[in-house]
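Survey of secondary and tertiary structure
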Amino acid sequence: MKQINKAKSIQLKSLSKQNGLSLISWIIVIGVLGFCAIFAVRLVPMYSENMYVEKALKSLSESGAKVNEMSDSEIKKKIMNFYLINNVTSKGPENIVIDRSSKSTLITIDYENRTNLFSNIDVVARFQNHLDADQPNLCCKPLADSRATKR
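Residues numbered from 1 in each chain as written. Predicted model: local features only at pLDDT ≥ 70, side-chain atom pairs only at ≥ 80, totals over all residues. Heavy atoms only, no water.

1. Details of the sheet that holds strand β1 (residues 96–100)
Overall, antiparallel pairing links the 3 strands, which are arranged β1-β2-β3 in an open sheet. Looking at which strands have only one partner, the edges of the open sheet turn out to be β1 and β3 (121–132). Averaged over neighbouring strand pairs, the angle between their axes works out to 20 degrees when direction is ignored. Along the sheet, helix α2 (residues 23–62) contacts β2 (105–118) and β3; its crossing angle with β2, the most-contacted strand, is approximately 165 degrees. (Pairing = 2+ DSSP bridges. Helix = DSSP H or I, 4+ residues; strand = E, 2+ residues; numbered from the N terminus. Axes fitted to C-alpha atoms, helices over the stretch in contact; angles between N-to-C directions. Contact = heavy atoms within 4.5 Å.)

2. So, the pattern of salt bridges
A complete count under the given rule lists 2 salt bridges for this structure. Arg100 is paired through a salt bridge with Asp72; the nearest N and O atoms lie 2.9 Å apart. Of this pair, Arg100 sits in strand β1 while Asp72 sits in helix α3 (residues 72–86), placing them 28 residues apart in sequence. By relative accessible area, which is 35% here, Asp72 ends up partly exposed. Between Arg114 and Asp122 there is a salt bridge, with the nearest N and O atoms lying 3.8 Å from each other. Residue Arg114 is classed as exposed on the basis of its relative accessible area of 54%. For Asp122, a relative accessible area of 37% gives the class partly exposed. (Salt bridge = Lys/Arg side-chain N within 4 Å of Asp/Glu carboxyl O. Buried < 20%, exposed > 50% of the residue type's maximum accessible area, 1.4 Å probe, protein only.)

3. Looking at the confidence of the model for the protein
On average, residues of the protein score 81 in pLDDT, and 78% of them reach the 70 mark or higher. Confidence drops under pLDDT 50 across residues 146–151; counting only partners more than four residues distant or on other chains, this segment forms 11 contacts. (pLDDT = per-residue confidence, 0-100.)

4. Examining unusual backbone geometry
Phi at Asn87 is positive, roughly 60 degrees, even though this residue is not glycine. The residue Asn87 is located in the loop between α3 and β1 in this model. Here Ser119, not a glycine, exhibits a phi torsion of approximately 50 degrees, which is positive. Within the fold, Ser119 resides in the loop between β2 and β3. Judged by relative accessible area, Ser119 falls into the exposed class, the value being 63%.

What follows is the structure, given as structure tokens:
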């Protein structure tokens, strides 16, 4: 009986010492979570806008018209219309580069997006979106290396 009471008293003493996080620990946890939240709020719009740029390139190959047969102005107009409808605010026509080789057409939209994280610290994200008219299923991945080996 004494042993049972002694075990209970030891258990109660150890439970009474478990108080949780201290104030300093809570401040650190809230600070880390706040930093992660600020980081997410600044980066998510950049990546969601890049998703619209990728969809614009995919829409060129899915429209039924052959990209090789379209003029440069038609390609830029279709992409700019997609930008306008989906409110893409990154640099527009100056980032669209159309390279017509003897065999296929390569459309690239490479750009950097910069946003202020806080104070004088910026976050820079670089996006590379490529569409090869001969390989539309590989849309939006840089194809420069595979194109060089294809020749």
